[in-house]
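Here are the chains, one letter per residue:
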Amino acid sequence: MSFKPSSVVPPLTRPQLAEARRVRAAELFGQGRSGAEIARMLGVSDESVRRWKRVWEEGGADALRRRPATGRPPKLDDAQVEQVRTALEQGAQAHGFEADLWTLERVGLVVERVTGVVLSRASVWRLLTGRLGWSLQRPERRAVERDESEIARWIAHEWPRIKRGP
């Protein structure tokens, strides 16, 4: 198992989609659309639209936006995350590991060396996938003896003969 930076833009998360629906509802309130029409257009219940309208009337469209997450702040600040990113991009071998593959344990050790902060495996996973945008990459397992030309020959000649039958 290893981790690589992901070049694909991740899809919107559920909270982001929910916020986009509420903001769209605010635009439709401003256009004077009915609650039932908005509910139908956005694929939500009439009750949700009524609740959003009350919030919108009291605080405007900004009141329908997401609020910052509450709870414990992250152990690593943005500067530390960038230090970790730089260290990880050097590769695992640059940090004394035999193979150039990142595992959660290895990343955790590098995080501790670079920042002095100890993270659990779950926190390392959230760091890699959430804050750094990396994705899980599994190495392809192939036999050392594998002969690509022989496989191609078998697929081209033997497989059609077997498929046809005797």
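Look a little higher up for the structure.
Keep in mind that this is a model prediction, so the values were computed, not measured.

## Considerations on the overall build of the chain
If you tally the helices and strands in the chain, you get seven helices and two strands. Counting from the amino terminus, the chain carries its helices and strands in the arrangement β-α-α-α-α-α-α-β-α. For a compact globule of 166 residues, the expected C-alpha radius of gyration is about 15 Å, and the chain comes in at 26 Å, more than 25% above that figure. Projected onto its principal axes, the C-alpha positions of the chain cover 70 × 60 × 20 Å. In the chain, which comprises 166 residues, the share counted as buried stands at 27%. Here the chain displays about 11,900 Å² of accessible surface, and carbon together with sulfur accounts for 52% of that area. In the chain, 30 side chains carry a positive charge and 22 a negative one; their mean positions are 5 Å apart.

## Brief notes about the side chain of Arg-22
When you line up the elements, Arg-22 lands in helix H1 (residues 14–30). One buried charge, Arg-22, has no salt-bridge partner; the nearest side chain with opposite charge is Glu-19, at 5.5 Å. In this structure Arg-22 touches Trp-52, Leu-64, Arg-65 and Arg-66, once residues within four positions along its chain are discounted.

## What about the pattern of salt bridges?
The tally for this structure, following the rule as stated, stands at 14 salt bridges. For Glu-140, the salt bridge goes to Arg-142, with nearest N and O atoms at 2.7 Å. Of the charged contacts in the structure, one is a salt bridge between Glu-148 and Arg-146, with a shortest N-O distance of 2.5 Å. By relative accessible area, Glu-148 is classed as partly exposed at 43%. Residue Arg-146 is classed as partly exposed on the basis of its relative accessible area of 40%.

## Focus on helix H5 (residues 104–115)
Helical periodicity: at 3.6 residues per turn, an α-helix aligns residues three or four positions apart in one direction. When the terminal C-alpha atoms of H5 are compared, their 16 Å separation across 12 residues agrees well with the 16 Å that a helix rising 1.5 Å per residue should span. Three or more residues of H5 are buried, namely Leu-104, Arg-106, Val-107, Gly-108, Val-110, Val-111 and Thr-115. Where H5 ends, the next residue or the one after it, Gly-116, has phi of about 80°, a positive value.

## Topic: helix H2 (residues 35–42)
For H2, the full list of buried residues reads Ile-38, Ala-39 and Leu-42. Viewed end-on, H2 has its buried residues packed into an arc of 100°, placing them on one side of the element. The elements touched by buried residues of H2 are H1 and helix H3 (46–59). Positive phi shows up at Gly-43, right after H2, with a value of about 70°.

Calculation notes
Residues numbered from 1 in each chain as written. Predicted model: local features only at pLDDT ≥ 70, side-chain atom pairs only at ≥ 80, totals over all residues. Heavy atoms only, no water. Helix = DSSP H or I, 4+ residues; strand = E, 2+ residues; numbered from the N terminus. Rg over C-alpha atoms; globule rule 2.2 N^0.38 Å. Buried < 20%, exposed > 50% of the residue type's maximum accessible area, 1.4 Å probe, protein only. Areas by Shrake-Rupley, 256 points an atom, 1.4 Å probe, with all protein chains shown as cover. Lys, Arg positive; Asp, Glu negative; His and termini not counted. Charge placed at Lys NZ, Arg CZ, Asp CG, Glu CD. Salt bridge = Lys/Arg side-chain N within 4 Å of Asp/Glu carboxyl O. Contact = heavy atoms within 4.5 Å. Expected span 1.5 Å × (residues − 1). Arc of directions from axis to C-beta.

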